[in-house]
Amino acid sequence: MIGGLRYDRLLSVALFSLRRDLAGNQHRSIPVLMYHSIGMEDEAEVRPYYRQVTSPTVFRSHMEYLHRHGFEACSLIEALAVLESSTTTASWQVVITFDDGYRDFHQEAFPVLQELGFSATVFLPTSFIGGTPRQLNGRECLTWQNVRELQREGISFGSHTVSHPRLQGLSRDAIHKEITDSKKAIEDKTGTAVHSFAYPYAFPQTDVAFRRMLRTMLQEAGYTSGVCTAVGRVDGHSDPYFLARLPINDGDDEALFRAKLAGAYDWVGHCQSVFKWTRSLLPAWIGQQYCRWSVPGSCDGKRAASQSHV
């Protein structure tokens, strides 16, 4: 934000108007949308990029836009298969994901998805999913009964760890427990194998050793795909365990939403990578000053500490 203007929106919409490339398929890319809560919570005091709530009205407008323009919702595995194929087009594919397993997915999002014929993947932090509703970040989560009902209707589920911690700060044993116990819990409760994983909180792009370790652990645990909070669309060069996504919330009007689908928001992810790598090379004090002028989501400050998509 500069002087009350959301510059990431202004630039993205301007880029879209220049490209007019709604399909966004020159590089065979597929957008993976990242939603959290679908509800009426007021986030006026939260900067647009960091918001986690999408109102039911705005969510419906997003899904109706996808339906109107012929998009087909697919799973992560299907998206990766499309990108690997030399004969299948990626032009109108989209992956719809929801983090945190909030109960409002069942109440608000699923009816719209079902009406319009869309599938979705919900990532569950399993210690917050129980026989009765439990709360995460002050919001009720799905119950296992809800999960099984949704699964029967075509909704897929993946792991979002057990307790939704910052994995980078944990021991190797603790990380292993988070990713294996959550997978087993979902499989035990649903009777279906879990193949996908969603990394909670800001993804540590600059920690190469940690990324390598986590990738190996995910492979050994039996995962075949995963998503993180890096911004962008998925293409043939994407790491299947750390796929970029497009953060979506109530601040995405139709102009910004279509720009994101077309790839006109990918520049944010590129800039975030540059800022984070640069900051990692600077002394701590300079890095803190650097963050004051960074693009949305480039630094992990106190402001973003409670957000899972920064």
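The present account deals with the structure reproduced in this document. Worth saying up front: this structure is predicted, and the values here are computed from it rather than measured.

Before going further, it helps to spend a moment on the overall build of the chain. Assigned secondary structure in the chain consists of 10 helices and 12 strands. Taken over 310 residues, the chain has a buried fraction of 54%. A separation threshold of at least 6 residues defines the contact pool for the chain, and within that pool the share at least 24 residues apart is 70%. When the accessible surface of the chain is totalled, it reaches about 13,700 Å², and 52% of it is carbon and sulfur.

Turning to helix H5 (residues 144-152), its buried residues are Trp144, Asn146, Val147 and Leu150. Along H5, the residues classed as buried sweep out an arc of 155° about the axis, all on the same side. In this structure, H5 carries Gln145 and Arg152 as exposed residues pointing more than 90 degrees from its buried face. Looking at the buried side of H5, the elements it contacts are helix H4 (104-116), strand S6 (121-124), strand S9 (156-159) and helix H6 (172-190).

Attention now goes to unusual backbone geometry. Phi angles above zero are rare outside glycine, and His164 is one such case at about 60°. Take His164: it is sitting in the loop between S9 and H6. Even without being a glycine, Tyr201 presents a positive backbone phi close to 70°. Along the chain, Tyr201 falls in the loop between strand S10 (196-198) and helix H7 (208-221).

Our next topic: the environment of Lys184. If you trace the backbone, Lys184 turns up in helix H6. Along the sequence, Lys184 and Ala221 sit 37 residues apart, while their C-alpha atoms lie 9.8 Å from each other. For Lys184, the side chain forms a polar contact with the side chain of Asp188, separated by 2.7 Å.

Turning our eyes to something else, we now look at a positive patch on the surface. Together, Arg134, Arg148, Arg152 and Lys189 line one region of the surface with positive charge. By the secondary structure assignment, Arg152 is in helix H5.

This part takes up the layout of surface pockets. Of the volumes computed, that of the largest pocket is approximately 510 Å³. Listed by contribution, the elements that provide at least two residues to the lining of the largest pocket are strand S11 (225-231), strand S12 (243-247) and helix H9 (266-280). Looking at which element gives the most residues to the lining of the largest pocket, the answer is H9, with five residues. Residue composition of the lining of the largest pocket, by class: seven nonpolar, nine polar and six charged.

Its place among the elements puts Thr190 in helix H6. The class for Thr190 is buried, based on a relative accessible area of 15%. Within the structure, Thr190 has its side chain in polar contact with the backbone oxygen of Ile186 (distance 2.7 Å). For Thr190, the residues in contact, after removing those within four places along its chain, are Val147 and Gln151.

Secondary-structure assignment places Leu170 in the loop between S9 and H6. The contact partners of Leu170, leaving out residues within four places of it in the chain, are Pro165, Ile175 and Glu178.

Cut-offs and rules
Residues numbered from 1 in each chain as written. Predicted model: local features only at pLDDT ≥ 70, side-chain atom pairs only at ≥ 80, totals over all residues. Heavy atoms only, no water. Helix = DSSP H or I, 4+ residues; strand = E, 2+ residues; numbered from the N terminus. Buried < 20%, exposed > 50% of the residue type's maximum accessible area, 1.4 Å probe, protein only. Contact = heavy atoms within 4.5 Å. Areas by Shrake-Rupley, 256 points an atom, 1.4 Å probe, with all protein chains shown as cover. Arc of directions from axis to C-beta. Polar contact = N/O pair within 3.5 Å; in protein donor to acceptor, adjacent residues only side chain to side chain. Patch = residues over 30% accessible without salt bridge, like charges linked within 9 Å, V, L, I, M, F, W, Y side chains within 5 Å. Salt bridge = Lys/Arg side-chain N within 4 Å of Asp/Glu carboxyl O. Lys, Arg positive; Asp, Glu negative; His and termini not counted. Charge placed at Lys NZ, Arg CZ, Asp CG, Glu CD. 1 Å grid on protein atoms, 1.4 Å probe; cavity = no way out; pocket = protein on both sides within 12 Å on 5 of 7 lines; lining within 4 Å. Points joined across faces, edges and corners; volume = space filled by probe spheres on them. Nonpolar A, V, L, I, M, F, W, Y, C, P; charged D, E, K, R; others polar.

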